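# Geometric and topological summary
Each chain, written out:
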Amino acid sequence: GAGVSQSPSNKVTEKGKDVELRCDPISGHTALYWYRQRLGQGLEFLIYFQGNSAPDKSGLPSDRFSAERTGESVSTLTIQRTQQEDSAVYLCASSSTSGAHYEQYFGPGTRLTVT
Amino acid sequence: AQSVTQPDIHITVSEGASLELRCNYSYGATPYLFWYVQSPGQGLQLLLKYFSGDTLVQGIKGFEAEFKRSQSSFNLRKPSVHWSDAAEYFCAVGDNYGGSQGNLIFGKGTKLSVKP
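Residues numbered from 1 in each chain as written. Chains lettered and ligands numbered in written order. Predicted model: local features only at pLDDT ≥ 70, side-chain atom pairs only at ≥ 80, totals over all residues. Heavy atoms only, no water.

All names here are of chain B. Summed over the entire model, instances satisfying the criterion amount to one cavity of 30 Å³ or more. Of the voids in this model, the largest cavity is the one considered here, and its volume is about 40 Å³. As for the largest cavity, its lining consists of Val-37, Ser-39, Leu-47, Lys-61, Phe-63, Ser-84, Asp-85, Ala-87 and Tyr-89. (1 Å grid on protein atoms, 1.4 Å probe; cavity = no way out; pocket = protein on both sides within 12 Å on 5 of 7 lines; lining within 4 Å. Points joined across faces, edges and corners; volume = space filled by probe spheres on them.)

Our focus in this paragraph is the confidence of the model for chain B. Averaged over chain B, the pLDDT score is 90; the fraction of residues at 70 or greater is 95%. Taking the mean pLDDT of every element in chain B, the minimum, 87, falls on strand 11 (residues 103-106) of chain B and the maximum, 98, on strand 3 (residues 19-21) of chain B. (pLDDT = per-residue confidence, 0-100. Helix = DSSP H or I, 4+ residues; strand = E, 2+ residues; numbered from the N terminus.)

Here the focus is the environment of Gly-71 of chain A. Residues and elements named next belong to chain A. Its place among the elements puts Gly-71 in the loop between strand 6 (65-69) and strand 7 (75-79). The exposure class of Gly-71 is partly exposed, given its relative accessible area of 31%. Sequence separation between Gly-71 and Thr-30 is 41 residues, and the spatial gap between their C-alpha atoms is 8.8 Å. (Buried < 20%, exposed > 50% of the residue type's maximum accessible area, 1.4 Å probe, protein only.)

What follows is about the interface of chain B and chain A. For interface size, the figure often reported is the accessible area lost on association. Facing 21 residues of chain B, the contacting portion of chain A comprises 20 residues. Approximately 1,700 Å² of surface area, both sides summed, lies buried where chain B meets chain A, with 55% of it carried by carbon and sulfur atoms. If you look at where chain B meets chain A, you find zero salt bridges. Counting only elements with at least two residues in the side of chain B that touches chain A, the list comes to strand 5 (32-38), strand 6 (44-50), strand 10 (87-95) and strand 11 of chain B. Here the element with the most residues in the side of chain B that touches chain A is strand 5 of chain B; it accounts for four residues. (Contact = heavy atoms within 4.5 Å. Buried area = accessible area lost by both parts, 1.4 Å probe. Salt bridge = Lys/Arg side-chain N within 4 Å of Asp/Glu carboxyl O.)

Here is the structure:
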């Protein structure tokens, strides 16, 4: 079946612009996670959804970052007034439900470059 | 705070040689441990995981890992490396502490290069 998809695959934007990154999870997966991978770094957890609820937003780096999810499907990560330090690969993962013992399936990521 | 340390940033091995990638974790409860591989231009793929039981776990592509609670380690091994194993490897602990959210805490990764 289809895996996790993300769009766009690459995004170049000017500093100060807003961007939207999209994630389509595996059908039926109720949990969805967003991570950020900066060059040479591991993955940094940003936010997760169980259904369309985001119980913990503490991983978001600043109030310029927000995310929403429609039901148990697509999620959008929005970065307002982008800064150069926002340049990274943004990865989305989904799992059948939330919990550390459920396997997360990752999408290919969106590479964001802020010039 | 929970954390994962991968001490080796870059390792080079010859094809056919054995491999061990190190991973140490700091976690307040029983850890759920994972190894992921990221090939160039690809997403992350799960190699193996440990939740409980037998401390030696087998994964895909001939990889195995051993959980050692006394050393807070979960090292990844392969007896004979193939050129296609060249990739970046990430160790992660599943954060179930205090709730059920289950996000992963990753190490910074070890890049594996394979010499012919």
